[in-house]
Amino acid sequence: MRTTNKPFDIDKKLVYEAYKAVRANGGAAGVDGQTIEQFEDDLKGNLYKIWNRMSSGSYFPGPVKAVAIPKKNGGERVLGVPTVADRVAQMVVKQVIEPEIESIFLPDSYGYRPGKSALDAVGITRERCWKYDWVLEFDIKGLFDNIDHDLLRRALTKHVKSEWAMLYIERWLTAPMQLADGTRVERTRGTPQGGVVSPVMANLFLHYAFDVWMTRTFPDLPWCRYADDGLVHCRTEAEALAVRAALQARLAECGLEMHPTKTKIVYCKDGKRKLAYSTVKFDFLGYCFRPRLVIRRRDNALFCGFNPAVSVSALKAMRSAIRNLNLRRKTQVSLPDIARQINPLLRGWIDYYGRFAPSALAPLLRYVNQTLLAWAMRKFKRFKAHKIRASQFLQQLAVTRPDLFVHWRRGMVGTFA
């Protein structure tokens, strides 16, 4: 039974839960310039307005704000940032449609899914690289910008039963993009990367464009996909070449393109696989998979295995993040102040990149220690021009106050020189 005389029966609690999720995610202001904090100045009124308009069918989203962010490998990626109110509305729809759509997804799709993580994808990939000699690594060029609306509508209509959810998804798909100079660009393809509901729609699109197709076409080859990055494990190079050709044709049928430089065939070389091949490593989700010397547990013997560890590009990005904090020159603050600023970053990095081959984080932790050393030499006159003395001071501090920094607490102190 309807609880209101509105055409769509939407629970007010759903809107409030959506707001809490948006607030937890943070994010910048949209085209209206309103931040989350400003939205909260009249929280009750703003949430009621969203509920009232969505329930009556009169909700229309504003344009999404185009925000260019640098890519790790150069160039820029354009995000479409909705307003705070639109993010709340999208979260309402996401909470309604996600359980329906999530139930159809396959186990080897890992991106943007509740209960699954990038580390899960890295872990299963590690195991499969031990079993299969070859990997096709592929990347879909500009996925979020090139999703075919007609094909997406067909998939949405099949699985989304809510009339009002479909109505608002349609409006979000066609909402214009507003550039920095105020120009508005109409959109006939894609779903803005940065929208709350966009990852669910992208996953649904690729569920049919790749996941189901792959399972049907090559049922005996394991694969793993995280959003637009994917891997297919193969037994021979010829098999990998055949999969690449078939996948390229399949993506073209769906209006997508395989990235020409990020797609490659890799030989998982190790102590037993001795074929000479030009490409023996690949990066996936911040980890670099390549031949590495590892210790065999049963007899402590060294052998060459094909294993993941933090990638060079990820290490570079983390060092850059530390450098941008400009900690070396913040001599007006104390060491505990620096710890409060840097520990959340370190905790996240160690938890993620320390899952596999934590020793590979040593260059990053050494850089953090060197930053602390440079800070101490600027901060205290007795350490100026006395690097060894400053290093000994910090080394001792790491023993007496291991709780100060995350990597000290976890026994990953390293050196300060």
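Enquirer: I would appreciate a short explanation of the nonpolar core in the present structure.
Expert: Note that soluble globular proteins tend to have their nonpolar side chains buried in a common cluster. In terms of nonpolar packing, the biggest core is built from 65 residues, with Met54, Val88, Val93, Ile97, Trp164, Met214 and Val232 touching the most fellow members. Looking at which element gives the most residues to this core, the answer is helix α9 (residues 198-217), with 10 residues. Residue contacts for Met54: discarding those within four places in its chain leaves Phe8, Ile10, Tyr59, Ala89, Val92, Val93, Trp164 and Tyr168. Counting 55 residues, the second-largest nonpolar core is a separate cluster that includes Ala118, Ala314, Leu315 and Tyr353.

Enquirer: It is not clear to me how unusual backbone geometry should be interpreted in this structure. Could you clarify?
Expert: For residues other than glycine, phi is negative in most cases, and the peptide bonds are mostly trans. Phi at Tyr112 is positive, roughly 55 degrees, even though this residue is not glycine. Here Tyr112 is to be found in the loop between α4 (84-102) and α5 (118-131). What makes Tyr112 partly exposed here is its relative accessible area of 38%. Positive phi, normally seen in glycine, also occurs at Ala357, with a value near 50 degrees. Counting through the fold element by element, Ala357 comes out in the loop between α12 (335-353) and α13 (362-379). Among the residues examined, Ala357 registers a relative accessible area of 31% and is labelled partly exposed.

Enquirer: Sorry, what's going on with the packing of helix α1 (residues 12-25) against α4 here?
Expert: What describes two packed helices is the angle between their axes and the distance between those same axes. Two elements in contact, α1 and α4, have axes separated by 8 Å at closest approach and are oriented at 115 degrees. Classed by the angle they form, the pair α1 and α4 counts as roughly perpendicular. Judged by the sense of rotation from one axis to the other, the crossing of α1 with α4 is right-handed. Touching Leu14, Val15, Glu17, Ala18, Tyr19, Ala21, Val22 and Asn25 of α1 are Arg87, Val88, Met91, Val92, Gln95 and Val96, all from α4. Within the contact of α1 with α4, the residues separate by chemical class into 10 nonpolar, 2 polar and 2 charged.

Enquirer: I would appreciate a short explanation of the sheet that holds strand β9 (residues 282-284) in the present structure.
Expert: Paired through backbone hydrogen bonds, the strands of a sheet run either parallel or antiparallel to each other. Taken together, 3 strands build an open sheet; the order of strands is β9-β10-β11 and the sheet is antiparallel. The open sheet has two free edges, formed respectively by β9 and β11 (302-310), since each of these has just one partner strand. Adjacent strand axes in the sheet meet at a mean angle of 50 degrees, parallel and antiparallel pairs treated alike. Note: strand β10 (residues 287-295) against β11, 9 bridges, orientation antiparallel. Residue pairing in the sheet places Arg292 in a bridge with Gly305 of β11.

Reading guide: rules and limits
- Residues numbered from 1 in each chain as written.
- Predicted model: local features only at pLDDT ≥ 70, side-chain atom pairs only at ≥ 80, totals over all residues.
- Heavy atoms only, no water.
- Core = buried A, V, L, I, M, F, W, Y, C linked by side-chain atoms within 4.5 Å.
- Buried < 20%, exposed > 50% of the residue type's maximum accessible area, 1.4 Å probe, protein only.
- Helix = DSSP H or I, 4+ residues; strand = E, 2+ residues; numbered from the N terminus.
- Contact = heavy atoms within 4.5 Å.
- Axes fitted to C-alpha atoms, helices over the stretch in contact; angles between N-to-C directions.
- Parallel < 35°, antiparallel > 145°, perpendicular 65-115°, else oblique.
- Left-handed = near helix turned anticlockwise from the far one by under 90°.
- Nonpolar A, V, L, I, M, F, W, Y, C, P; charged D, E, K, R; others polar.
- Pairing = 2+ DSSP bridges.

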